[in-house]
Every structure is written in C-alpha cells, then in structure tokens.
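# Structural overview
Each chain, written out:
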Amino acid sequence: MAAAAISHLRRGAQRHALLYLSRRHFSSPSSLAAAAPLAAAARRLLSTSVESGTSSKAGSYKPPPLDPFRAALASASPPLESPPLEEPPATPPPPEVASAAAAPEQDPVVLQNEQLEGLKAGLEAVRSREESPEEKEAWWLLNRAVVNYCGSAVGTVAANDPSTANHMLNYDQVFIRDFVPSAIAFLLRGESDIVKNFLLHTLQLQSWEKTVDCYSPGQGLMPASFKVRSVPLDGNNEAFEEVLDPDFGESAIGRVAPVDSGLWWIILLRAYGKITGDYALQERVDVQTGIRLILNLCLTDGFDMFPTLLVTDGSCMIDRRMGIHGHPLEIQALFYSALRCAREMVSTDDGSKNLIRVINNRLSALSFHIREYYWVDMKKINEIYRYKTEEYSHDAINKFNIYPEQIPSWLADWIPDKGGYLIGNLQPAHMDFRFFSLGNLWAIVSSLATQKQAEGILNLIETKWDDIVANMPLKICYPALEYEEWRIITGCDPKNTPWSYHNGGSWPTLLWQFTLACIKMGRPDLARRAVEAVEKRLSDDKWPEYYDTRTGRFIGKQSRLYQTWTIAGFLSSKMLLDCPEMASILICDEDLELLEGCACGLSNSARIKCSRRAARSQVLV
C-alpha cells in the first residue's frame, strides 16, 4: 500500500510539473526562475531513492541516484516533431525546393520506424565485422577506462596512463566532451546502457552551485567533468558512500566554465535516441527541463549584436589561452548543431511554441552570419584586400571595419585556388584567419556550412594534406603562433609552444569527426586514407593524446598515453567507415525551410535589412 501510494503521488506530481511547464513562456525570466524548484522536485520524483540535502562543500554533496534502467515504452513512442516553421515568402522557391515540396509526405512515425530498422541492421553489421588486432587492443583499453558509480557504468576517464599515476591532475575524471567519442563507440557497438547512465547522471549535476570567488555559474550550465568519490557515511569512518563531484571550471587551470559541455550533451542525447529508439528518455520531465535550461543559458539576450555566442578564451576543447575569445568557430558550430538537435527533441505543446520560434530565428540568423562573414576563399580574400575602412552606413560592405593589413603573409600562398574554409573568429576589426579543424568539420556535419562550402573545406584539406594531416591527423589549428605573437597571445604558455598541444599540435581524436564529415560529403576515401595511415602507429605509440612538430612526427612532450578519446575516436572512425549509414545519428541535413524563413521578421523597420533573399540564395550556394 505504501509503495502504491508513493507511486501514485509521484505520477501526480509529474503531471502537475508537466502542466506547469507547458504554461510558462520561455522568454520570461521570472517563469524560468519559478520553474527551477519545480524542475528539481520533478527530478527527485523520477529518482528511485530519497535525495539527500545539497551543500556547497564537495565532501557533503550527495546527488540523488537515478535508476538508469527505468522502464520506458521506447518502441511505442512516436518521434517528437517541431511545430511548422514560418510560411515561406510569396517569391517562387528554387527548383530544388519546389520539387521537394511536391513530393508526397510520408508518415513521420513510419519513416522513423524505417530509419530505426535500418540502424538496427547497421548495428548487426558492426557487431559481426572482423576487428584488427589494433581494434581489439583499443576495445580492451576503452573498457578498462570505464568508471562505475553505484554499480553502474557512467563514463570513461580521460586517460589511464600508468606512467603518471602519481600526477593525474584531472585526467582521472569523466569529461563530457571527452566522453562523446567513447559514447559513439559504445552506441555503434550496441552498448547503450553506459550512455544512458551518463546522460542522466550528468543531468543531475546540472547547475550545481559551486562558485569561484563566491560567484555561482548560470543556471543550466553543465559541468566540464565529474569524479566518483567515496566519502564517510554520516561521519562514520568505517562506512562509505559514493558521490559524484562535478567541476564547473572552479578547479580547472584558468578557472573557465565550459561552454561546450551542454552543447555536446544535447547532441549526444539526440544520437542516443536515434540509434536506440528510446525516445521516452527525451520526453522525461527532468530531461526536457535540462534541455530548456541549456537553451535558455545560450539564447538569453545580452549586449552582443551578433547571433553568434560570445565566450571567453579556454571555454571549449582549446581550454587554455590561445586567442579564441569572442566568437570562435568551434562554439558556433556546436551551438548550431545543438539548436538543430534540441528543436527535434523539445516536446511540442503550447508552452514550447515560443521556444521553437526563438530557435528558428536564431538558426536562420546564425547560419547566414557564419556562411556570409566567416567564409574565405581566394575570391573573398581579394575582396578583403581591397576593403575600404571607416564606413558608416547600413549598406557598408566592410561591416566589421576589417583592415586589409590583417591578412597574414602566409595566407596568400597557402589557400588553394579551389577550396576555402571558415575562419576561426570574427569580431570588430578582427578576423582570425587560422584554420581550426573541429569547427570546420562540425560545420559540415551540422550543415552550418553550405554544400559548396563543405566541398571547399574538404578540397582544402586534401590539397593541404601535408599541413593539416601529414603523419598524424589532424592539426587542431593551422598555422601555429610563433615568436612575439606566441608570447603576446598565449602569455608565454610553455605547453602551447609552436606546433605543440593546442598551438598547431596534431590530435588523433579528431579522426571521428573527420570521418563523419567525409561520409556526409561522399568522400570516405579521405577518412580511410587518414585512418589507415595511423592505425598501427597509434598502437605502437601507446595511444597518445596529441603529437608535436609541424608534421606530427613526435609524441607530444606533455602528452598523456592511453588517452581515452584517442582510443575511442579511432574505434568510432573504423566502425563508421565499415557501416557509413550509422553516421546519420549525428549528421544534420540541410533545412531548406529554415533558409526560406526570415531571420528578421519581427520588425518592418528600414533600419533592419531583411536577409530572406540572401538566406534563400544560400540554398544553391
């Protein structure tokens, strides 16, 4: 009777929580503040045991354990659909759009079931494939890196290097960004439980009130990492319990909060649902609230005039001072991808219509901004070279007052006649012309780049293979900062010396993202060439984190061995190449309706130039 009563109360409270959230408007700060306690209550109700009180001290924090195998009607759950987008303009659409609109609509439930059956067949193909000795070693190492919490696997440590056992720093923690390639490898092998556990437990750590100098991070922030600790139970030194201790950046070198953690979490949540069909996980009250809190943190209005996210240095994979503060491409590509993924997963009700509208407007503006202003090829560089400065008008060509003298001397001889890339950063009077691999690759995967731009990026990588891939794929950025530029921009960072670590080092974990981009563009030959070139070397070198020198010939001078995301990136690449259809769990195709939408439809003011025509032209660019 008691159990039944508790279950009834939980179900009732959950329904009230859903009803309350559905009636709130996303744009109202007060409503989000009011929803926060309810979200916490909903999470407690969905837990399987009593939650202990929280504290700002790591030793006394006791997160509520979750039942990772909570019953869910995954197979019977229909896919979540976004509300219809804004109506297209009266102007006749391009032929491609017209032909797509003329095609008969297919039942989304039937389509989803067909896709799921195809993925199940792909999983069987992955399981039955023959593995090389290097793959077998990699799987053994990946399984050895698994971290358990309360008897369940919840992630993988960043590195398991026995030579640094007494100097682990934070490499013995589970990083959200580092775990993503591990999660992809597990999902492709049909081992989804660890991914579900990871998603739910990191959700429980969201917005935990740790501080730097008495200042708390914004609500919705995901931690950079967490660690399983054993603490005395109720002051008893003979009995212990496990707790998850998160790090939001307050312990990290530089004390920078991670912007990319929440974005990766959303991307991984979508991939998990697509490959398992467990859409019930996405529909849970606590998961829906977690998604909305992340979106609110990213979509909140501020002083910035651009649709891109404004961040500090060190807020992503490049977590040290490298001159990427402002609007770095890596964050924008992940932001765009996370918005696309979230739009698919947000439950459709009266309370979410405003949220969907905000997402669509931001996606439209962001895609136009990146495609128009971040893209450089030989033609665009010639335009910049002849820019006029100090232009003051709404029709200015040099909108960001870029001085032509900023064009670096290496660029004119480096960029090929056919091909181009998205620059690393754009701010007033500043263009960072460095090539950043992750941002460009994920712009392809997420369709932030146009079809032509995506082809240009891969053409550039192929043409400049010796610079970007060479002996070990892939350069995190090119070229390296040297001499006085290195001293000023990095602050004389001894770890980021030229052609090392983040300053032009080679990172084999980027293989899986390169593979995804190549598969999407129908160029798996490029990815296969890169993987085959390093397969035996990675094993012989004991799976380092990164490589040094201009051509990636030396193991990084401070590189950890048995780096988990190096191992997982290699495994994911091998499986994706053998079963390319599995890439669909991470790829976003071009959204033609989004490009047809108007990013500035909220105002008819002459001060605001409508980008509808420019955005529509991008369909064929």
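Fair warning: this is a prediction, and the values are worked out from it, not measured in the lab.

## Focus on the pairing of strand E5 (residues 236-247)
Sheet topology places strand E4 (residues 225-233) next to E5; nine bridges connect them, and they run antiparallel. Within E5, the residue paired with Ser 225 across the bridge is Asp 247. Taken together, E4 and the strand that follows it, E5, pair antiparallel across an intervening segment of two residues, in which Asp 234 is found at a positive phi of about 55°.

## Some words on the sheet that holds E4
Read from one edge to the other, the open sheet built from three strands follows the order E3-E4-E5, with strand pairing classed as antiparallel. Single-partner strands in this sheet number two, and they are strand E3 (174-175) and E5. Relative to E4, E3 runs antiparallel, the two sharing two bridges. Bridge pairing links Phe 175 to Ser 225 in E4.

## Points about the environment of Tyr 546
Within the secondary structure layout, Tyr 546 lies in the loop between helix H20 (524-540) and strand E10 (547-548). Judged by its relative accessible area of 0%, Tyr 546 is buried. Setting aside its immediate chain neighbours within four residues, Tyr 546 contacts Lys 495, Ser 500, Tyr 501, Ser 506, Trp 507, Pro 508, Ile 555, Gly 556, Lys 557, Gln 558 and Ser 559. A distance of 3.1 Å separates a polar atom in the side chain of Tyr 546 from the backbone nitrogen of Gln 558.

## Some words on the packing of aromatic side chains
Evaluation of the coordinates by the stated rule reveals 21 aromatic pairs. Every member of this aromatic cluster is reached through a ring pair, and the members are Trp 410, Trp 414, Tyr 421, Phe 435, Tyr 478 and Trp 499. A cation over an aromatic ring shows up here: Arg 189 above the ring of Trp 139, its NZ or CZ 4.0 Å from the ring centre.

## A few points about the packing of helix H5 (residues 133-144) against helix H21 (residues 564-578)
Between H5 and H21, whose axes approach to 10 Å, the crossing angle comes to 135°. Our classification of the angle between H5 and H21 gives oblique. The two elements H5 and H21 meet at a crossing, and its hand is left-handed. The residues of H21 that touch H5, namely those facing Glu 134, Glu 135, Ala 138, Trp 139, Leu 141 and Leu 142, are Thr 564, Ile 567, Ala 568, Phe 570, Leu 571, Lys 574 and Met 575. Among the residues forming the contact of H5 with H21, the class breakdown is nine nonpolar, one polar and three charged.

## Concerning the environment of Pro 181
Here Pro 181 lies in helix H6 (residues 176-188). For Pro 181, a relative accessible area of 1% puts it in the buried group. Note: C-alpha distance between Pro 181 and Gln 513 (332 residues apart in sequence) is 9.0 Å. With residues near it in sequence (within four places) discarded, Pro 181 still touches Thr 509, Trp 512, Trp 565, Ala 568, Gly 569 and Ser 572.

Definitions and cut-offs
Residues numbered from 1 in each chain as written. Predicted model: local features only at pLDDT ≥ 70, side-chain atom pairs only at ≥ 80, totals over all residues. Heavy atoms only, no water. Pairing = 2+ DSSP bridges. Helix = DSSP H or I, 4+ residues; strand = E, 2+ residues; numbered from the N terminus. Buried < 20%, exposed > 50% of the residue type's maximum accessible area, 1.4 Å probe, protein only. Contact = heavy atoms within 4.5 Å. Polar contact = N/O pair within 3.5 Å; in protein donor to acceptor, adjacent residues only side chain to side chain. Phe/Tyr/Trp six-rings, centres within 6.5 Å; stacked < 30°, edge-to-face > 60°. Lys NZ or Arg CZ within 6 Å of the ring centre and 35° of its normal. Axes fitted to C-alpha atoms, helices over the stretch in contact; angles between N-to-C directions. Parallel < 35°, antiparallel > 145°, perpendicular 65-115°, else oblique. Left-handed = near helix turned anticlockwise from the far one by under 90°. Nonpolar A, V, L, I, M, F, W, Y, C, P; charged D, E, K, R; others polar.

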